[in-house]
Amino acid sequence: MEGKYIRQDLNIFGMTCAACSSRVEKSLNKAEGVSQANVNLVTESAAVYFDSEVISKDDLIGVVKHAGYDAKEKMSKAEKDEILAKNFRKEVWRFVISAILSLPLLLTMISHIPGLADSSFSHSLMGIITPTVQLILASIVQFIIGYRFYDGAYKALRGKSANMDVLVALGTSAAYFYSLVEYIRQMLGQTTAPHYYFETSAILITLILLGKLLESYATSRTTESIAGLLKLQSKEANVLRDGKEWKVPLEELRLDDILVIRPGEKIPMDGIIISGETSIDESMISGEPVPVNKKIGDDVIGGTINFDGALQVRVTKRMEETVLQSIIRLVEEAQGIKAPIQRIADKISGIFVPIVLGIALVVFLIWLLAFGELNGALEVAIAVLVIACPCALGLATPTAIMAGTGTGAENGILFKGGEHLERTSKVDTVIFDKTGTLTEGKLKVTDIYSVDERFATYALAIESQSEHPIASAIKRKLTEDGVKVGDLEIGRVRAKAGHGMSSVVENQKVTLGSYRFIQATTPLSADEEAQIQSFMQEGKTIVLMAIDGVFAGAFALSDVARKEAFEAIKRLQKQGIKTYVSSGDQSVVVQNMANALQLDGFFAEQLPGDKSELVVKLQNEGHVVAFVGDGINDAPALAASDVGISIGTGTDIAIETGDVTLVGHRLTLIPDTIALSRATMRNIRQNFFWALAYNCAGIPVAAFGLLAPWVAGLAMAFSSVSVVSNALRLKRYKFKN
């Protein structure tokens with residue numbers, strides 16, 4: 001937001017569905033002084049842009065409380081984790097207690113089974129689980145365990161909307177209060193053959209609590225990405241003050257402090273090098289495996305790793321302004337502004353519930369006026385409500401999602417929740433990170449150009465003394481080719497950070513290094529120069545070697561595409577999905593990769609912020625975007641995308657920020673993921689059709705008095721069975737090999 005509006009993040013408590021988050025969002029957006037408010041159901045947070053001269057932070061919290069929910073200023077991760085853990089434990093106990101209380105009621109259903117109702121076992125069972133016992137157990141489940149559904153229904157109705165809480169409260173109350181009326185009639189001697197359906201309400205509440213429990217567990221992991229990013233920061237730094245070196249906490253660093261950073265240490269804070277040269281692993285920012293050479297005057301980034309040189313760095317940014325903190329902020333903002341997915345069931349219920357209530361009321365009045373019998377009219381109206389009970393509608397989504405996510409998990413596809421599975425089915429654009437995602441993620445020697453027979457042996461002799469990633473790639477290649485050092489006489493190896501290394505081998509000075517480093521002291525022939533330039537045009541990393549000032553050969557290294565990348569991209573394109581690659585690498589390298597894999601396009605020299613901006617740009621053009629990555633630098637793009645797909649072999653940050661995690665590194669799982677999500681959504685739509693068709697067909701039958709409430713309850717159970725059976729077909733879903 002531009003201008004005078006500032007951002008305030010709030011933690012929201014008490015939301016149970018998309019209708020709740022929509023209610024809070026509408027209330028905040030209507031408040032005077034609020035420019036924009038985005039409420040995220042999954043992260044239970046709100047990002048509010050407001051004018052502090054018109055409305056205060058406390059007023060914003062008051063608006064949320066007036067809407068029926070609780071709010072607090074953004075808490076630390078530790079504080080929120082403590083609250084989430086406490087709430088999760090409460091959910092577990094609610095489910096356990098509800099299940100224990102519902103089990104005896106479940107056993108009473110045997111009395112409804114034809115042929116067994118009059119058996120000695122049934123009579124013995126009913127002698128233990130008497131109507132009074134059923135009433136006590138069901139009442140505890142209905143009003144103590146199930147209070148949350150009444151509370152949620154009240155808030156929804158007060159906000160002039162209907163959600164799943166309304167449906168659950170309506171359906172369970174119909175069964176419970178009908179049974180209660182039957183119980184009272186029996187106690188008053190008005191009936192000797194009452195029909196009780198206490199088990200219907202109790203079991204439904206228990207199953208829904210189980211679904212809420214699973215959903216709570218899945219969504220609780222959404223905040224772990226921020227914690228992982230914070231772990232990248234050093235806790236302390238070595239600082240020069242008054243001529244002495246001090247170890248101080250990171251938060252005590254000031255601008256212009258001089259940091260002392262030794263080889264192998266993590267750089268504590270963003271700054272500029274004032275002494276020393278080195279190579280730095282910046283893969284957490286760029287995603288590229290090749291260390292970056294740094295010298296006096298170059299900028300360094302906090303959280304990156306110093307490889308091989310001692311440095312003194314002057315701090316140039318405050319802690320909250322560092323690149324790492326910027327990435328953390330991008331992830332937080334991207335997560336905060338994600339629009340909550342409207343549950344299909346909530347949308348249907350908004351129309352379905354009022355219609356069912358209206359039909360039940362009309363039927364009740366018609367029967368009352370036509371026959372003048374209150375009990376008969378009440379029984380028919382209750383039958384209408386029971387046959388229209390949302391059991392099947394409530395099970396339609398969670399059963400399909402559980403089956404779909406379970407099948408995915410068995411095949412290496414981990415969805416973080418049903419909302420992510422739903423969104424994945426709508427993806428029409430996939431952006432791949434390059435290094436470590438489309439490629440193997442490690443340098444390989446692709447070409448060896450030798451003009452001296454000693455080239456390979458001498459190169460192996462010197463590179464064996466280094467652990468640099470380039471040296472490791474060269475050692476691996478030469479060893480695979482059978483090159484041996486033998487008993488060569490090798491002198492001390494000296495490294496010049498950012499340039500190369502040299503030694504004396506068999507009394508001859510041997511130097512390996514970058515093109516510029518070697519070219520400065522070693523002439524190249526026209527043919528040699530042409531060959532080196534051809535490697536460079538292909539975007540490859542070049543290492544040259546000279547023996548006593550004479551060019552001896554060169555290595556060309558690159559990060560090669562994964563074997564299954566081409567197949568995965570072709571399958572995505574057959575699904576009607578556009579494919580792109582985004583990378584921090586130079587343009588020629590990224591373009592070559594895109595051409596080789598026949599991608600629809602490429603984006604080069606992309607920083608983390610650029611990647612997330614690219615995602616937002618495509619979203620603004622109307623695309624549903626999935627981003628596939630495995631690095632810390634991918635975290636903002638993963639969070640900003642509609643569906644973040646992280647590679648299981650990547651960093652914990654990418655995995656926790658992503659909405660879908662692929663176990664292992666089979667890129668063919670990406671088209672499998674989209675195909676499975678589409679199949680699951682088809683299944684959910686089928687479930688909704690059968691749930692509603694079953695109920696809608698049963699309502700007229702019940703309205704004509706042709707269904708006793710207990711028969712309506714049995715029919716409702718069959719409706720649920722059909723929905724669950726359809727969902728279980730996803731367990732047999734076949735993936736393409």
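- As recorded in an unreviewed UniProt entry, the protein goes by the name Probable cadmium-transporting ATPase, listed as coming from Listeria fleischmannii 1991.
- Under the UniProt heading Catalytic activity (unreviewed entry), the entry covering the protein gives this text: "Cu(+)(in) + ATP + H2O = Cu(+)(out) + ADP + phosphate + H(+)".
- The annotation that UniProt attaches to the protein under Subcellular location (unreviewed entry) is "Cell membrane".

## Details of a nonpolar patch on the surface
Inference 1: A cluster of nonpolar side chains, namely W93, V96, I97 and I100, defines an oily patch on the protein surface of about 400 Å² accessible area.
Inference 2: On the secondary structure map, V96 appears in helix α3 (residues 77–107).
Inference 3: Its relative accessible area of 31% is what places V96 among the partly exposed residues.

## Digging into the nonpolar core
Inference 1: Membership of the largest hydrophobic core comes to 45 residues, with the highest contact counts inside it found for V430, F432, L438, L599, I645, L662 and I670.
Inference 2: Ignoring any residue separated from it by four or fewer positions in sequence, one finds I670 in contact with F432, L572, V628, I645 and L662.

## Some remarks on the packing of helix α5 (residues 131–145) against helix α6 (residues 147–158)
Geometry of a packed helix pair, given as the angle between the helix axes and the separation of the axes.
Inference 1: The N-to-C vectors of α5 and α6 enclose an angle of 45°; their axes lie 4 Å apart at closest approach. Between α5 and α6, the interaxial angle falls into the category oblique. For the pair formed by α5 and α6, the contact residues are Q142, F143, I144 and I145 on the first element and Y147, R148 and Y150 on the second.
Inference 2: Classifying every residue of the contact of α5 with α6 by side-chain character gives five nonpolar, one polar and one charged.

## Considerations on helix α2 (residues 57–66)
Inference 1: Along α2, the residues classified as buried are L60, I61, V63 and V64. Across the axial projection of α2, the buried residues extend over an arc of 155°, all falling on one side. Away from the buried face of α2 by more than 90 degrees, exposed residues D58 and H66 are located.
Inference 2: G68 sits one or two residues past α2 and shows a positive phi near 105°.

## Structural notes on the pattern of salt bridges
Inference 1: Evaluated as defined, the whole model comprises 17 salt bridges.
Inference 2: With a closest N to O distance of 2.7 Å, R241 and D257 form a salt bridge. Of this pair, R241 sits in strand β5 (residues 236–241) while D257 sits in the loop between β6 (244–249) and β7 (258–261); the two residues are 16 residues apart in sequence, bridging distant segments of the chain.
Inference 3: Overall, R241 belongs to the buried group, its relative accessible area being 18%.
Inference 4: You can call D257 buried: its relative accessible area is 6%.
Inference 5: One salt bridge in this structure joins K295 and D298, with 3.8 Å as the shortest N-O distance.
Inference 6: Looking at K295, the relative accessible area reads 48%, which means it is partly exposed.
Inference 7: Within the structure, one salt-bridge network assembled from shared partners comprises E91, R94 and R148.

About the cut-offs
- Residues numbered from 1 in each chain as written.
- Predicted model: local features only at pLDDT ≥ 70, side-chain atom pairs only at ≥ 80, totals over all residues.
- Heavy atoms only, no water.
- UniProt positions renumbered as here; feature names shortened; annotations may be inferred.
- Patch = residues over 30% accessible without salt bridge, like charges linked within 9 Å, V, L, I, M, F, W, Y side chains within 5 Å.
- Areas by Shrake-Rupley, 256 points an atom, 1.4 Å probe, with all protein chains shown as cover.
- Salt bridge = Lys/Arg side-chain N within 4 Å of Asp/Glu carboxyl O.
- Helix = DSSP H or I, 4+ residues; strand = E, 2+ residues; numbered from the N terminus.
- Buried < 20%, exposed > 50% of the residue type's maximum accessible area, 1.4 Å probe, protein only.
- Core = buried A, V, L, I, M, F, W, Y, C linked by side-chain atoms within 4.5 Å.
- Contact = heavy atoms within 4.5 Å.
- Axes fitted to C-alpha atoms, helices over the stretch in contact; angles between N-to-C directions.
- Parallel < 35°, antiparallel > 145°, perpendicular 65-115°, else oblique.
- Nonpolar A, V, L, I, M, F, W, Y, C, P; charged D, E, K, R; others polar.
- Arc of directions from axis to C-beta.

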